[in-house]
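Survey of secondary and tertiary structure
Listed below are the residues making up each chain.
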Amino acid sequence: MSDAELVLRSTRVITPEGTRAASVAVADGTITAVLPYDAPVPEGARLEDLGDHVLLPGLVDTHVHVNDPGRTEWEGFWTATRAAAAGGITTLVDMPLNSLPPTTTVAHLRTKQRVAADKAHIDVGFWGGALPDNVKDLRPLHEAGVFGFKAFLSPSGVDEFPHLDRDPLARSMAEIAALDGLLIVHAEDPHLLASAPQQPGPRYADFLASRPRDAEDTAIAQLIREAKALHARVHILHLSSSDALPMIAEAKAEGVRITVETCPHYLTLTAEEVPDGASEFKCCPPIRESANQDLLWQALADGTIDCVVTDHSPSTADLKTDDFATAWGGISGLQLSLAAVWTQARERSHGLEDVVRWMSTRTSELVGLDTRKGAIAAGRDADFAVLAPDETFTVDPAALQHRNHVTAYSGKTLYGVVKSTWLRGQRIVADGEFTEPKGRLLTRQS
């Protein structure tokens, strides 16, 4: 490591080979070596001794709604990326909807990139959108570097991003498969949603009944059939229904190119604890019962579920009314995702290595960034989170970096305090103090 500019030393470094005491050498923003703990520090290199704090690779969150431009009163790149950095996330991929315009053409992608360029505290990539009328735009977006294409099988909640019925889905999937691209899907069947009981009001039980598991299960079965026929790559977004797990496992065993994510709120919050009128807990598909949650954790452990992402989907506080039928559906989780997942994981006898696999390694692999992100290994970007895993904090909404301080985690005590976050060898936040934005805009690596 003679050319090292920086050495980070810890008694607990999470590497692909396991957790060990190590010295991590960095030059020009890249990890150059992972060496024994007591390796000599080269002359001129700066040593950061982290003691017993855990050094882990920066998290990669592939499901974030930044909403900028167009709905920046909900969230923006400046605030979202600060929140992410505060939570140990060093890369995010922005969803194509809730911003205006949505990322459904190359011109719209360029608009979003211009807005993000000088506001990103962490690295930012972009998903494209698949709409009923934009099949012609998918190849240009792919060539412009989006990481894949988001589609809804049921209404999205915003008029400018309509869902795909069966025929438009088949056309979009065929085009994306021809590119060997990735289609990521909000999978709920619109017909089953329409036929479910719709009872407005503050009762969470009524809202839960309006988004039944069958809607997820039926939509996922349709996607599996289409993906199998076209040999297409399909990713199931924010899985909440454990009933779909057997068919997903069977599809994977048969070689269907399907991956699956779930979210911190499905792994840490339960329907039984949601107070009536508390629409900060509303998301679609919904938070389900504790027995369902247990099965999601089992699926993470056995690999049926690949990864954990936030689905950070904020809004202004006035849209979170006490009527679950009309309140905006989305949970803000960027800053708290690592701590929330780690708190529940440790109770279920999982280690931080598991959390890193779900929230950094596999998310990097999903979007093809695994040559640069997702691991502490030579040749990867020097993106790190420094974590005190046994320290706790109580969630104070006012302390969050999100633009709107609405959170389903308010008052919860969580394990895992992020002491600092590093991007390409530069500390970007420590003890609540941020540098100026240093993030880069990422494109798909062909």
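My aim in this report is to walk through the structure given alongside it, one point at a time. (Residues numbered from 1 in each chain as written. Predicted model: local features only at pLDDT ≥ 70, side-chain atom pairs only at ≥ 80, totals over all residues. Heavy atoms only, no water.)

Strand order in the open sheet made by the 3 strands is β6-β7-β8, with parallel pairing throughout. Whereas interior strands pair on both sides, the edge strands pair on one side only; in this sheet they are β6 (59-64) and β8 (123-126). Direction aside, the axes of adjacent strands within the sheet are offset by 20° on average. Summarising the sheet, β6 and strand β7 (residues 89-94) pair through 4 bridges and their orientation is parallel. Within the sheet, the bridge partner assigned to D61 lies in β7 and is L92. (Pairing = 2+ DSSP bridges. Helix = DSSP H or I, 4+ residues; strand = E, 2+ residues; numbered from the N terminus. Axes fitted to C-alpha atoms, helices over the stretch in contact; angles between N-to-C directions.)

With that settled, the discussion passes to the pattern of salt bridges. One pass over the structure, following the stated rule, counts 25 salt bridges. Note that R213 and D243 form a salt bridge whose closest N and O atoms lie 3.2 Å from each other. Highlighted residues: R213 in helix α7 (residues 213-230) and D243 in the loop between β12 (233-236) and α8 (245-253), separated in sequence by 30 residues. Here D390 makes a salt bridge to R346, at a shortest N to O gap of 3.2 Å. Of this pair, D390 sits in strand β15 (residues 384-394) while R346 sits in helix α11 (residues 337-347), placing them 44 residues apart in sequence. Its relative accessible area of 29% is what places R346 among the partly exposed residues. (Salt bridge = Lys/Arg side-chain N within 4 Å of Asp/Glu carboxyl O. Buried < 20%, exposed > 50% of the residue type's maximum accessible area, 1.4 Å probe, protein only.)

Remark: helix α4 (residues 166-178) packs on α7, axes separated minimally by 10 Å, with the N-to-C direction vectors making an angle of 40°. For the element pair α4 / α7, the angle class is oblique. The two elements α4 and α7 cross, and the hand of that crossing is right-handed. Along the contact surface, α4 presents R166, L169, A170, M173, A174 and A177, while α7 presents Q222, L223, R225, E226, A227 and L230. For the contact of α4 with α7, a count of residues per class yields 8 nonpolar, 1 polar and 3 charged. (Parallel < 35°, antiparallel > 145°, perpendicular 65-115°, else oblique. Left-handed = near helix turned anticlockwise from the far one by under 90°. Contact = heavy atoms within 4.5 Å. Nonpolar A, V, L, I, M, F, W, Y, C, P; charged D, E, K, R; others polar.)

Let us now look at unusual backbone geometry. With an omega of 5°, the peptide bond running from D68 to P69 counts as cis. Tracing the chain through its elements places P69 in the loop between β6 and α1 (77-86). Across the junction of L100 and P101, the peptide omega takes the value 5°, indicating a cis bond. Relative to the elements of secondary structure, P101 occurs in the loop between β7 and α2 (106-116). Although it is not a glycine, N67 sits at a positive phi angle of roughly 70°. Along the polypeptide, N67 turns up in the loop between β6 and α1. Of the residues examined, N67 reaches a relative accessible area of 0% and is grouped as buried. Positive phi is not limited to glycine here, since R424 has a value of about 45°.

Right, let's talk about the packing of helix α3 (residues 135-144) against α4 for a bit. The N-to-C vectors of α3 and α4 enclose an angle of 25°; their axes lie 10 Å apart at closest approach. If you check the angle between α3 and α4, you find them roughly parallel. When the axes of α3 and α4 are compared, the crossing they make is right-handed. When α3 is examined against α4, the residues V135, L138 and R139 are found in contact with a partner set consisting of R171, S172, E175 and I176. Among the residues making up the contact of α3 with α4, the classes are represented as 3 nonpolar, 1 polar and 3 charged.

By size, the foremost hydrophobic cluster in this structure holds 98 residues, and its most contacted members are L223 and L239. Top element by residues in this core is α11. It accounts for 6 residues. (Core = buried A, V, L, I, M, F, W, Y, C linked by side-chain atoms within 4.5 Å.)

Here we come to the packing of aromatic side chains. The relation between two aromatic rings is expressed through the spacing of the ring centres and the mutual angle of the planes. For the structure on display, the rule yields 7 aromatic pairs. For the ring pair F152 and F161, a centre distance of 5.9 Å and an interplane angle of 75° mean the geometry is edge-to-face. F161 carries the same exposure label as F152, and that label is buried. Taking 5.9 Å as the distance between ring centres and 55° as the angle between the ring planes, the aromatic pair formed by Y204 and F207 counts as tilted. With Y204 and F207 both in helix α6 (residues 204-210) and 3 residues apart, the pair spans about one turn of that helix. Here the aromatic residues Y204, F207 and F324 are joined through ring pairs into a cluster of three or more. The ring of Y37 carries the charged tip of R9 above its face, separated from the ring centre by 5.6 Å. Just above the ring of F434 sits the side chain of R82; from NZ or CZ to the centre is 3.9 Å. (Phe/Tyr/Trp six-rings, centres within 6.5 Å; stacked < 30°, edge-to-face > 60°. Lys NZ or Arg CZ within 6 Å of the ring centre and 35° of its normal.)

Helix length check: α7, at 18 residues, gives a terminal C-alpha distance of 26 Å against a target of 26 Å (1.5 Å per residue), a fit within 8%. Of all the positions in α7, only A215, E216, D217, A219, I220, Q222, L223, I224, E226 and A227 are classed as buried. Following α7 by one or two positions, H231 has its phi on the positive side, about 50°. (Expected span 1.5 Å × (residues − 1).)

It is worth spelling out the sheet that holds strand β11 (residues 182-186) at this point. Strand order across the open sheet formed by 6 strands is β9-β10-β11-β12-β13-β14, with parallel pairing between neighbours. Bordering the open sheet on either side are β9 (128-129) and β14 (307-308), each of which pairs with just one other strand. Relative to β12, β11 is paired through 4 bridges, and the arrangement is parallel. Residue pairing for β12: I184 is matched across the bridge by H235. In the packing of α4 onto the sheet, the strands contacted are β10 (149-152), β11 and β12, and the crossing angle to β11 comes to about 150°.

A word on the environment of L6. Following the sequence through the fold, L6 ends up in strand β1 (residues 6-15). Distance in space between the C-alpha atoms of L6 and G425 is 7.5 Å, their sequence separation being 419 residues. Excluding anything up to four places from it in sequence, L6 contacts V24, A25, V26, A45, R46, E48, W422 and G425.

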